[in-house]
Amino acid sequence: MKKKILVAFGMAALLTGSCMSAFAAEEAELTPGVTVAEDADSPTGYTVTFVYEAADATEVTLTGAFTFYNLDESIRGKTPEEYITPYDWENNGMFEAGDESYSEAMTKVEGTDYWTISLPLPCGHYQYVFHVDGAEEKLEDPTNPMEASGVENGMHYDRSTFYVPYDAEKQSEAIDFSYMAPREDGQSGEVTYVNYTDCNGEAAPLGVYLPYGYDADREEPYKVLYLSHGGGGNETDWFAGGSVDYIFDNMIAGGTVEPTVLITMNNTAYEWNFDVIIDNLTNNIIPYVEENYNVCSEASGKAFAGLSMGGMTTSNVLYNCADQFGYFGIMSGADVGKDFSTLDIEKMKEPVIMLGAGVYDFGLEREIPEGQEDGFTLKGLSKKLDDNGISYGWEEALGSHDWNTWPQLIKVFAEEYLWK
């Protein structure tokens, strides 16, 4: 199942702010779900309207990644406490950061079972849930359900998602996330979820992206990128949260990266035991993929990347399998506690390595209390790589430890590092 991207243009009436105009309440047809509409009165050029049906509720709250910040060079590795609301967004380089960090009460439409709220939002891929009557339970948008893999032992994403287009005039100083938009010309790859037999002998899920025009009989095997999610995530995260399929669709169509197969997995199932994860990757996942898809088996055509705990995973894959992959993208976290004297440093010098995180990302760097060691940040890993003469690229994105940062980084990894 693919995520839904709901966009409507030319609405006769829009709901603005956190309450409805009298005209909208009386005349506009309320559509349950999320509607993204062009709006000349919006500072971003778009207004996003949420409508949730809850007949017996006394309170409904929208929660999502709708907090914005200006860049403060003096703050690194942590998200500032004070944020800017969508209503105060300005076209001055402001960027979104934070994960489910914004909540606002919705307004009930008199005489109906509908609750609604409207926000002006700039370009981007957003995630949201609803809460009813103060309960902690995350409720999906029933008209825009969370992406689920739908296979045996498969998982689902934990939020509904939508995309807001870019307005070149009103958002001229904002990040243009158009590379996350679904293509409208048919040049789109295919995402499916399948089962393989894991290291425990059980059915386990994989997400598989085959690029547009994929040919199982092509003489030259396709390059393949294996992707790990972060803590608590699963095989759906990179597609639902990161729109990595749309990103690769657009890069491939634009000629900035060659057609690539993407493979996602569920590493949470192994409780982040890196030895087990690597055993499962090398002895179960990769053999399944190479047997069932026309992908390269040589290191020069294989890459591994991950974020947060997936970054920890990627660093361990580098430590143990440096000769099996030609490219590593380590994002927003790394296993810095590894004793490098036990590693094959010469092997680790061979692959192309990218370290990347958000400027406000706790995986970037942090102040280490006296007597403690840095066991997680990329700054800590970079020092160890430097000390051992291992080269790498360093990338920073405008964002935090969230799905605003990782799409930026995977695009950079693909266009500037992969298959070069």
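Below, the structure is looked at part by part. Everything numeric in this text was worked out from a predicted model, so none of it was measured.

Turning next to the overall build of the chain. Along the chain, the regular secondary structure elements total eight helices and 18 strands. Principal-axis analysis of the C-alpha atoms gives the chain an extent of 70 × 55 × 40 Å. Taken across its 420 residues, the chain has 56% of its residues classed as buried. The contacts of the chain with a sequence gap of at least 6 include a subset with a gap of at least 24, amounting to 74%. Approximately 17300 Å² of the chain is accessible, and the part contributed by carbon and sulfur atoms is 45%.

Taken as a whole, helix H7 (residues 378–387) has its buried residues at Leu378, Gly380, Leu381, Ser382 and Leu385. Of the surrounding elements, those touching the buried residues of H7 are helix H5 (309–321), strand S16 (327–331), helix H6 (345–348), strand S17 (352–358) and strand S18 (393–397). Residue Gly389 follows H7 closely and has a positive phi angle near 70 degrees.

All right, on to the layout of surface pockets then. Computed from the structure, the largest pocket encloses a volume of approximately 270 Å³. Forming the boundary of the largest pocket are 18 residues, of which Arg159, Gly231, Gly232, Gly233 and Asp237 lie nearest the centre. Across the lining of the largest pocket, the residue classes break down as six nonpolar, eight polar and four charged.

Applying the stated rule across the entire model yields 26 aromatic pairs. Plain terms: the ring middles of Tyr226 and Phe325 are 6.2 Å apart, the flat faces sit at 85 degrees to each other, and that makes the pair edge-to-face. Placement of Tyr226 in strand S13 (residues 223–228) and of Phe325 in the loop between H5 and S16 is noted, with a sequence separation of 99 residues between them. Each of the two residues, Tyr226 as well as Phe325, counts as buried. Relative to Trp406, the ring of Trp403 lies with its centre 5.0 Å away and its plane at 85 degrees, an arrangement referred to as edge-to-face.

Before going further, it helps to spend a moment on the sheet that holds strand S9 (residues 124–132). Across the sheet, four strands lie side by side as S6-S3-S9-S10; this open sheet has antiparallel pairing. In this open sheet, the two edge strands, each paired with only one partner strand, are strand S6 (102–105) and strand S10 (160–164). Shown here is a sheet whose adjacent strand axes are inclined to one another by a mean of 30 degrees, direction ignored. When strand S3 (residues 60–64) meets S9, the two strands line up antiparallel, connected through five bridges. Within the sheet, the bridge partner assigned to Leu62 lies in S9 and is Phe130.

This brings us to the sheet that holds strand S12 (residues 203–210). The strand order S11-S12-S14-S13-S15-S16-S17-S18 describes an open sheet built from eight strands, whose pairing is mixed. Because the sheet does not close on itself, it has two edges, and the strands there are strand S11 (190–197) and S18. If you compare each strand with its neighbour and ignore which way they point, the axes differ by 20 degrees on average. Looking at chain direction, S13 and strand S14 (residues 260–265) are connected through five bridges and run parallel. In the sheet register, Val224 faces S14, and the bridge partner there is Val261.

The subject of this paragraph is the pattern of salt bridges. This model, assessed by the stated rule, comprises 15 salt bridges. In this structure, Lys349 and Glu346 form a salt bridge, with 3.2 Å as the shortest nitrogen-oxygen distance. One salt-bridge network, held together by shared partners, links Asp99, Glu100, Lys138, Asp158 and Arg159.

Before going further, it helps to spend a moment on the packing of helix H4 (residues 274–292) against H5. Close contact between H4 and H5 brings their axes to 10 Å; oriented N to C, the two are set at 70 degrees. By the angle between their directions, the pair H4 and H5 is classed as roughly perpendicular. As for how H4 packs across H5, the hand of that crossing is right-handed. Touching Phe274, Ile277, Ile278, Leu281 and Thr282 of H4 are Met309, Met312, Thr313, Asn316, Val317, Asn320 and Cys321, all from H5. When its residues are assigned to classes, the contact of H4 with H5 shows eight nonpolar, four polar and no charged.

Turning next to the nonpolar core. Here is a general trend for soluble globular proteins: nonpolar side chains tend to be buried in one another's company. One finds Tyr226 and Met348 to be the most contacted residues of the largest nonpolar core, which totals 49 residues. Examining the composition of this core, we find that eight residues originate from one element, H4, more than from any other. Ignoring anything within four residues of it in the chain, the contact list for Met348 reads Leu318, Tyr319, Ala322, Phe340, Leu343, Ile353, Leu385 and Ile390.

Conventions and cut-offs
Residues numbered from 1 in each chain as written. Predicted model: local features only at pLDDT ≥ 70, side-chain atom pairs only at ≥ 80, totals over all residues. Heavy atoms only, no water. Helix = DSSP H or I, 4+ residues; strand = E, 2+ residues; numbered from the N terminus. Buried < 20%, exposed > 50% of the residue type's maximum accessible area, 1.4 Å probe, protein only. Contact = heavy atoms within 4.5 Å. Areas by Shrake-Rupley, 256 points an atom, 1.4 Å probe, with all protein chains shown as cover. 1 Å grid on protein atoms, 1.4 Å probe; cavity = no way out; pocket = protein on both sides within 12 Å on 5 of 7 lines; lining within 4 Å. Points joined across faces, edges and corners; volume = space filled by probe spheres on them. Nonpolar A, V, L, I, M, F, W, Y, C, P; charged D, E, K, R; others polar. Phe/Tyr/Trp six-rings, centres within 6.5 Å; stacked < 30°, edge-to-face > 60°. Pairing = 2+ DSSP bridges. Axes fitted to C-alpha atoms, helices over the stretch in contact; angles between N-to-C directions. Salt bridge = Lys/Arg side-chain N within 4 Å of Asp/Glu carboxyl O. Parallel < 35°, antiparallel > 145°, perpendicular 65-115°, else oblique. Left-handed = near helix turned anticlockwise from the far one by under 90°. Core = buried A, V, L, I, M, F, W, Y, C linked by side-chain atoms within 4.5 Å.

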